[in-house]
Protein chains: 2
Amino acid sequence: MSVPLFLDCDTGIDDAMAIGWLVATPGVDLVGVSTVSGNLDAAGGARNTLDLLALLGRPEVPVSVGAHDFLDHPYSGGAPEVHGVNGIGEVELPRSPAAPTGTSGAQAIVDAARAHPGELHLLAIGPFTNVALALDLEPRLPELVGRFTVMGGAAMAPGNVSAVAEANVANDPLAAHRVFTAGFDLTMVGLDVTMEHVFEESHRQALLAVGTPGAVAIARMLGHYFGFYAQRYGRPCAVLHDPLAAAVATGDVDLALAPTVPVVVDHTDGPGRGQTVVDLRDRYQGYPRTYENGTRVALEVPGDFAGQLLARLSTL
Amino acid sequence: MSVPLFLDCDTGIDDAMAIGWLVATPGVDLVGVSTVSGNLDAAGGARNTLDLLALLGRPEVPVSVGAHDFLDHPYSGGAPEVHGVNGIGEVELPRSPAAPTGTSGAQAIVDAARAHPGELHLLAIGPFTNVALALDLEPRLPELVGRFTVMGGAAMAPGNVSAVAEANVANDPLAAHRVFTAGFDLTMVGLDVTMEHVFEESHRQALLAVGTPGAVAIARMLGHYFGFYAQRYGRPCAVLHDPLAAAVATGDVDLALAPTVPVVVDHTDGPGRGQTVVDLRDRYQGYPRTYENGTRVALEVPGDFAGQLLARLSTL
């Protein structure tokens, strides 16, 4: 039983790890990818995605370039300090002969949902601009998409681009707000859980030692990413944002605590801009209620996900 | 060595417990009280405060009526469902012959700070309107006040009047923002710690059994308060917001984790209105930095504070 999965991303080093996870996971039918500006611009993200997919033996997966600018403001330059100028830590991948589809990212999402009504699993690990635009093209998208998993936001954990805002949501808060309140069967994999799972230098060395082109390319990208996190953690390592969301999407990790609660996004210009405002007031009673149109918010993912990720990427 | 302490409050059942704590604590010189609208209106809060102080043998403490309305919007009715229509759970205290001073709450705060420059301990357990107005009257207030402890806000814990807003801050977010950014030596005792300390029915019965007028009055007020919390916790009990802040002010509890970090208050009209935006991004490195003009944010108060509170109120 394979599950049709569509990926929206901004590749990006941890996006590359997520793509590696999806390619290496049995039962995942990666039907398409759209890119959005975030870690770098949407066109650059598409180039990285095409090249990585070819390196991983999947050159046929269609990749569509999505939104360059955000809903209410322009793209302004990505995160080269985290992901490098080319988005993948200055690693030069062999150029795939494949080109992006001529379809927009938003249209590609709609097309995939219509092709697999009620069955498609949508995974979004960049800003939510493409999905918001897809909602404009197809208001029935929340019913057409079977399940939707996002990397983004923070419930109780601090933000990573402001005191309370996570980068994917902060890049386009209005898009995120529309997506979180559209009625999807939505799971939020935010900083509450992603910050708890860390790839260490020992993992990276083990991945390098695998020796296959895909494993080595990802391990080399991580060298750059580790340099950024070393400033934050005091040691070279990397937080596993996007691959953890991919693993939640493929059902490979245990959501030990993930209440379904109301989530809205602050898209004001105030100090909370870009915050996922997650209503956890039921915590003192153990979350007895499931809210209609709520979001399943991952709060605890126990287990050794870094080890699991290393094992899976080692099969690439 | 007695410490001059000025209390700003909205009495209120847990305010009454805080007043009990202050009266019962050796070394506290309660030099004055101002009231503000919050749990009930400022004038009603002053009446409750005068009557309670008289019952506790302190009829001479000056009580000033402070702001009825908030900085940018009017008072709109308090929290009778939590505190009762009269603010103290419909308990009828003997009427004190003392009347409020003719001074405004804000002026009383300024006067107390000027009378004890650099030594006054200010404790605010209601909305922060009076303190914000006092800053207008005396811009040097942050230097004149020695230490300032507030009950209010939430860093990681959910809010109690919205997903992210605590009631004292939410009542007047603009005032709170001015107070948090004014440069006080400020300690925030918010929902992160107050929600962890609970008075149970056994504590209330023990307090009733003390039999003195003060202990009995507070225990009877708690009957009403317990009824409100029973809906939230599934059992009659009460969270110890204001008395915990009083105990932090008097130095009687251990702030096991209380980093000094930037805090601003969301006073937009967005979904984060009334949130204390606390920057905890240093948590992953164990809070190595102390920020200039930061706020000491109480995140962990271990120990049996409910038992400590019962013991102290039993001396009333």
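Residues numbered from 1 in each chain as written. Chains lettered and ligands numbered in written order. Predicted model: local features only at pLDDT ≥ 70, side-chain atom pairs only at ≥ 80, totals over all residues. Heavy atoms only, no water.

## Topic: the side chain of S64 of chain B
All names here are of chain B. As for its position among the elements, S64 is in strand β3 (residues 63-65). Owing to a relative accessible area of 4%, S64 belongs among the buried residues under this scheme. Separated by 2.6 Å, the side chains of S64 and T101 make a polar contact. (Helix = DSSP H or I, 4+ residues; strand = E, 2+ residues; numbered from the N terminus. Buried < 20%, exposed > 50% of the residue type's maximum accessible area, 1.4 Å probe, protein only. Polar contact = N/O pair within 3.5 Å; in protein donor to acceptor, adjacent residues only side chain to side chain.)

## A short note on the UniProt feature "domain: Inosine/uridine-preferring nucleoside hydrolase" (unreviewed entry) in chain A
In the numbering adopted here, UniProt assigns the feature "domain: Inosine/uridine-preferring nucleoside hydrolase" (unreviewed entry) to residues 6-299 of chain A. With 38% helix and 16% strand, the stretch residues 6-299 of chain A has end C-alpha atoms that lie 24 Å from each other. (UniProt positions renumbered as here; feature names shortened; annotations may be inferred.)

## As for the nonpolar core
If you look at the biggest cluster of nonpolar residues, it comprises 70 residues, and the most contacted ones within it are L7, L22, L123, F199, L207 and L222 of chain A. Considering each element in turn, this core owes the most residues, 11 residues, to helix α11 (residues 213-233) of chain A. Not counting the four nearest positions on each side in its chain, L222 of chain A is found in contact with I13, M17, F199, R204, L207 and A238 of chain A. Counting 69 residues, the second-largest nonpolar core is a separate cluster that includes A154, F228, L244 and A306 of chain B. (Core = buried A, V, L, I, M, F, W, Y, C linked by side-chain atoms within 4.5 Å. Contact = heavy atoms within 4.5 Å.)

## Some details on the relation of the copies chain A and chain B
Superposing chain A onto chain B takes a rotation of 180° combined with a translation of 0.0 Å along the rotation axis, leaving an RMSD of 0.0 Å. Considering both components of the superposition, the chain copies are consistent with a two-fold axis. In terms of proximity to the rotation axis, the leading residue of chain A is M156 of chain A, whose C-alpha is 2.4 Å off the axis. Mapped onto chain B, 100% of the interface residues of chain A again fall at the interface, so both copies present the same surface. (Least-squares fit on C-alpha atoms with pLDDT ≥ 70 in both.)

## Remarks on the sheet that holds strand β6 (residues 186-189) of chain B
Residue and element names in this part refer to chain B. Strand order in the open sheet formed by 8 strands is β3-β2-β1-β4-β5-β6-β12-β9, with mixed pairing between adjacent strands. Of all the strands in the sheet, just β3 and β9 (260-261) have a single pairing partner and so form its edges. Here strand β4 (residues 120-124) runs beside strand β5 (residues 145-151); their pairing, made up of 5 bridges, is parallel. Directly across from L122, in β5, lies its bridge partner F148. Docked against the sheet, helix α8 (residues 173-180) engages β5, β6 and β12 (295-297), running at close to 135° with respect to β6. (Pairing = 2+ DSSP bridges. Axes fitted to C-alpha atoms, helices over the stretch in contact; angles between N-to-C directions.)

## Quick word on the packing of aromatic side chains
Taken as a whole and assessed by the stated rule, the structure comprises 16 aromatic pairs over all chains. Between Y233 of chain A and Y284 of chain B, the ring centres sit 6.2 Å apart and the planes meet at 25°, which makes this aromatic pair stacked. Note that Y233 of chain A is positioned in helix α11 and Y284 of chain B in the loop between β11 (276-278) and β12, a pairing that runs across two chains. Residue class for Y233 of chain A comes out buried when judged on its relative accessible area of 14%. An aromatic cluster is built from Y225, F228, Y229 and Y233 of chain A together with Y284 of chain B, whose rings are joined through pairwise contacts. A cation over a ring is seen here: R204 of chain A above F226 of chain A, with NZ or CZ 5.9 Å from the ring centre. Seen from the ring of W21 of chain B, R312 of chain B lies directly overhead, with NZ or CZ sitting 4.1 Å from the centre. (Phe/Tyr/Trp six-rings, centres within 6.5 Å; stacked < 30°, edge-to-face > 60°. Lys NZ or Arg CZ within 6 Å of the ring centre and 35° of its normal.)

## So, the interface of chain A and chain B
Taken together, the contact pairs 31 residues of chain A with 31 residues of chain B. Both sides together, the interface formed by chain A and chain B hides about 2200 Å², and carbon and sulfur atoms give 61% of it. The tally of links between chain A and chain B comes to 0 residue pairs in polar contact (both at pLDDT 80 or more). Going through the elements one at a time, α11, β10 (263-265) and β11 (276-278) of chain A are the ones with two or more residues in the side of chain A that touches chain B. If you tally residues by element for the side of chain A that touches chain B, the top one is α11 of chain A, at 3 residues. For the side of chain A that touches chain B, the class distribution of residues is 15 nonpolar, 10 polar and 6 charged. (Buried area = accessible area lost by both parts, 1.4 Å probe. Nonpolar A, V, L, I, M, F, W, Y, C, P; charged D, E, K, R; others polar.)

## Let's talk about the confidence of the model for chain A
The pLDDT averaged across chain A works out to 97; a share of 100% of its residues lies at or above 70. Across the interface, the model reports ipTM at 0.94; the global pTM reads 0.95. (pLDDT = per-residue confidence, 0-100.)

## Examining unusual backbone geometry
A negative phi holds for most residues other than glycine; trans holds for most peptide bonds. Residue and element names in this part refer to chain A. In this chain, T11 is followed by G12 through a cis amide linkage whose omega measures 0°. With respect to the helices and strands, G12 occurs in the loop between β1 (3-9) and α1 (13-24). Positive phi is not limited to glycine here, since Y287 has a value of about 55°. With relative accessibility at 17%, the residue Y287 sits in the buried group.

## Concerning the sheet that holds strand β6 (residues 186-189) of chain A
Residues and elements named next belong to chain A. Taken together, the 8 strands give an open sheet; going across it, the order is β3-β2-β1-β4-β5-β6-β12-β9, and neighbouring strands pair in mixed fashion. Unpaired on one side and paired on the other, β3 (63-65) and β9 (260-261) mark the two borders of the sheet. In the packing of α1 onto the sheet, contacts are made with β1, β2 (28-35) and β4 (120-124), and the angle to β1 comes to roughly 170°.

## Section: the environment of L40 of chain A
Residues and elements named next belong to chain A. With respect to the helices, strands and loops of the structure, L40 is situated in the loop between β2 and α2 (42-55). Take L40: its relative accessible area is 6%, and that puts it in the buried class. Each C-alpha atom of the pair L40 and H83 lies 8.2 Å from the other, and the pair is 43 residues apart in sequence. What L40 contacts, discounting residues up to four positions off in sequence, is D10, T11, G12, G45, N48, Y75, G78, N86 and G87.

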